[in-house]
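Observations on the model geometry
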Amino acid sequence: MKIAVLPGDGIGKEVTAQAVKVLKAVLGNAAEFTEAPIGGEGVKAAGVPLPRATLELARRSDAILFGAVGGPGDESGPRHLRPGLGLLTLRRELGLFANFRPAFLFPELIGASSLKPELVEGLDLIILRELNGDIYYGEPRGIMVNAEGKREGVNTMRYSEFEIERIAHMAFRTARDRRRKVCSVDKANVLETMQLWRETVAGVGKGYPDVELTHLFVDAASMQLLRAPKQFDVVVTPNMFGDILSDAAAMLTGSIGMLPSASIGDGNKGLYEPVHGSAPDIEGRNLANPLAAILSAAMLLRFSFGRKDDAARIERAVRAVLAGGLRTADISQPGMKSVGTVEMGEAVVAALGRV
Ligand code: IPM
Ligand code: MG
């Protein structure tokens, strides 16, 4: 088992170290871990956010454990040097088009949720975000000079029928293993690309008569997510709407520090990353919550290696640690014990032996 470890920037390094510790405790010598720079660290090491050697390592690995990329000032400067581009290029180069972001509420964290307990008790939904298309990659793009000599920003929302079909199939297949409900999110009332999205998802849905399909415009979806999130099972979204809705969904589970993710394509190779960013404001202070990274490691075992029992064991260990009252700052609750990134990771490793 070859696992590439790409910690990236900021707290990405700190949380990834804990996830690797947990994987090593579960896998022993069965896995080989190789680390490489990406994002701002890639620019520092090789002048680009996705160094060639990092891409090659990712290509020959079975799975990629990813931390976070980015830092202050990401929104300015030339695009080809922005840390996020490292991740975007990797997702596309490896054909990882399906991004699973499960918003699962551990009962122990019900008091940390942004919503009232009765609205989130038992919450278990998946945001399935399309990851290789949309306005993220559409051409033409850029900052152009128009006929009046003024600058004009251009990005293009674009989806082919094929791209929509493959993510739709993934959504329906995923729902079949769960509560058999798919909600597709779009903005078909305004955008032609989204009209094609809706028509295509509906067409694919005809092949899955046992799965209930509903459609919501993205504004209504964000409202429903905050009003009555338990109505959702699998929520399939275009790339940009999924980026936004998944951060919101994370807060229902207590913290962005609790949301793991898996990005997969046609094969077993996958990229596993916590949904949170690099959080430069708390970098290097042992404050970050490593649980999203550790839960991403569990997804790695389940999706890329079919090791369902090991994955479930990690999830039980996380639950045991939460039940024991340990909390990082982002999920702190009165009466609980505050711990740092490293202590939390070590507590999960210790709990593996008990669950
Ligand atoms: C995410 C992040 C990335 C995205 C950034 C870092 C490029 O926000 O994975 O949600 O927008 O996809
Ligand atoms: Mg995001």
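Residues numbered from 1 in each chain as written. Chains lettered and ligands numbered in written order. Predicted model: local features only at pLDDT ≥ 70, side-chain atom pairs only at ≥ 80, totals over all residues. Heavy atoms only, no water.

Remarks on the overall build of the protein chain
Looking only at helices and strands, the protein chain features 12 helices and 14 strands. Each principal axis of the C-alpha distribution contributes one length, and for the protein chain these read about 60 × 50 × 40 Å. A total of 355 residues make up the protein chain; the buried ones form 52% of that total. Considering only contacts within the protein chain whose residues lie at least 6 apart along the sequence, 76% involve residues at least 24 apart. Summing over all exposed atoms, the protein chain offers an accessible surface of approximately 15,200 Å²; the carbon and sulfur share of this is 53%. (Helix = DSSP H or I, 4+ residues; strand = E, 2+ residues; numbered from the N terminus. Buried < 20%, exposed > 50% of the residue type's maximum accessible area, 1.4 Å probe, protein only. Contact = heavy atoms within 4.5 Å. Areas by Shrake-Rupley, 256 points an atom, 1.4 Å probe, with all protein chains shown as cover.)

Quick look at the packing of helix α1 (residues 11–27) against helix α12 (residues 341–352)
Running from amino to carboxyl end, α1 crosses α12 at an angle of 15 degrees, the nearest separation of the two axes being 9 Å. By the criterion of interaxial angle, the relationship of α1 to α12 is roughly parallel. Crossing handedness for the pair α1 and α12: right-handed. Each of Glu14, Val15, Gln18, Lys21, Val22, Ala25 and Val26 in α1 lies in contact with α12, whose residues at this interface are Thr341, Val342, Gly345, Glu346, Val348, Val349 and Leu352. Its residues assigned to classes, the contact of α1 with α12 shows eight nonpolar, three polar and three charged. (Axes fitted to C-alpha atoms, helices over the stretch in contact; angles between N-to-C directions. Parallel < 35°, antiparallel > 145°, perpendicular 65-115°, else oblique. Left-handed = near helix turned anticlockwise from the far one by under 90°. Nonpolar A, V, L, I, M, F, W, Y, C, P; charged D, E, K, R; others polar.)

Considering helix α10 (residues 291–305)
Taking 1.5 Å as the rise per residue, α10 with 15 residues should run 21 Å; its terminal C-alpha atoms sit 20 Å apart, in good agreement. For α10, a buried count of 12 out of 15 residues is recorded, marking the element as mostly surrounded by other parts of the structure. Those residues of α10 not exposed but buried are Leu291, Ala292, Ala293, Ile294, Leu295, Ser296, Ala297, Ala298, Met299, Leu300, Leu301 and Ser304. Positioned one or two residues after α10, Gly306 has a phi angle of 65 degrees, which is positive. (Expected span 1.5 Å × (residues − 1).)

Quick word on the domain arrangement of the protein chain
Here the protein chain is partitioned into domain 1 (1–96 + 261–355) and domain 2 (114–253). Here the C-alpha centroids of domain 1 and domain 2 sit 24 Å apart. Note on domain 1 versus domain 2: buried area summed over both sides is about 880 Å², and carbon and sulfur give 51% of it. The three residues of domain 1 that bury the most area against domain 2 are Leu88, Arg91 and Arg92, which together make up 49% of that side's buried surface. Taken together, the connections running from domain 1 to domain 2 amount to four residue pairs in polar contact (both at pLDDT 80 or more). Of all elements in the fold, only α4 (83–93) and β11 (262–264) reach the threshold of two or more residues within the side of domain 1 that touches domain 2. If one sorts the elements of the side of domain 1 that touches domain 2 by residue count, α4 sits on top with three residues. Partitioned by chemical class, the residues of the side of domain 1 that touches domain 2 number four nonpolar, three polar and three charged. (Domains from an automatic or database assignment. Buried area = accessible area lost by both parts, 1.4 Å probe. Polar contact = N/O pair within 3.5 Å; in protein donor to acceptor, adjacent residues only side chain to side chain.)

A closer look at the pattern of salt bridges
In this structure the tally under the stated criterion is 16 salt bridges. Among the salt bridges present, the one from Glu283 reaches Lys13, with a minimum N-O distance of 3.8 Å. Taken together, the positions of Glu283 in the loop between β12 (270–272) and α10 and Lys13 in helix α1 put the pair 270 residues apart, joining distant regions of the chain. Across the pair Asp233 and Arg178 runs a salt bridge, and its minimum N-O distance is 2.7 Å. One end of the pair, Asp233, is in the loop between α8 (218–227) and β10 (234–237); the other, Arg178, is in the loop between α6 (161–176) and β8 (181–186), and 55 residues separate them in sequence. Because the salt bridges share partners, they merge into one network encompassing Lys13, Glu41, Lys44 and Glu283. (Salt bridge = Lys/Arg side-chain N within 4 Å of Asp/Glu carboxyl O.)

So, the sheet that holds strand β1 (residues 2–8)
On the basis of which strands lie adjacent, the open sheet formed by 10 strands has the order β2-β1-β3-β12-β11-β4-β5-β10-β8-β9 and mixed pairing. Strands with a single pairing partner mark the edges of an open sheet, and in this sheet they are β2 (32–35) and β9 (212–217). For this sheet, the mean angle separating the axes of adjacent strands, direction not counted, is 20 degrees. Across three bridges, strand β4 (residues 98–104) lies against β11 in antiparallel orientation. Each residue of the ladder has a partner; that of Phe100, found in β11, is Ala262. Strands β4, β5 (124–130), β8, β9, β10 and β11 of the sheet are contacted by α6, whose axis makes an angle of about 165 degrees with β5. In the packing of α8 onto the sheet, the strands contacted are β5, β8 and β9, and the crossing angle to β9 comes to about 105 degrees. (Pairing = 2+ DSSP bridges.)

Considerations on the side chain of Gln18
On the secondary structure map, Gln18 appears in helix α1. Residue classification places Gln18 among the buried residues on the basis of a relative accessible area of 3%. Polar contacts involving the side chain of Gln18 include one to the side chain of Lys21, which spans 3.0 Å.

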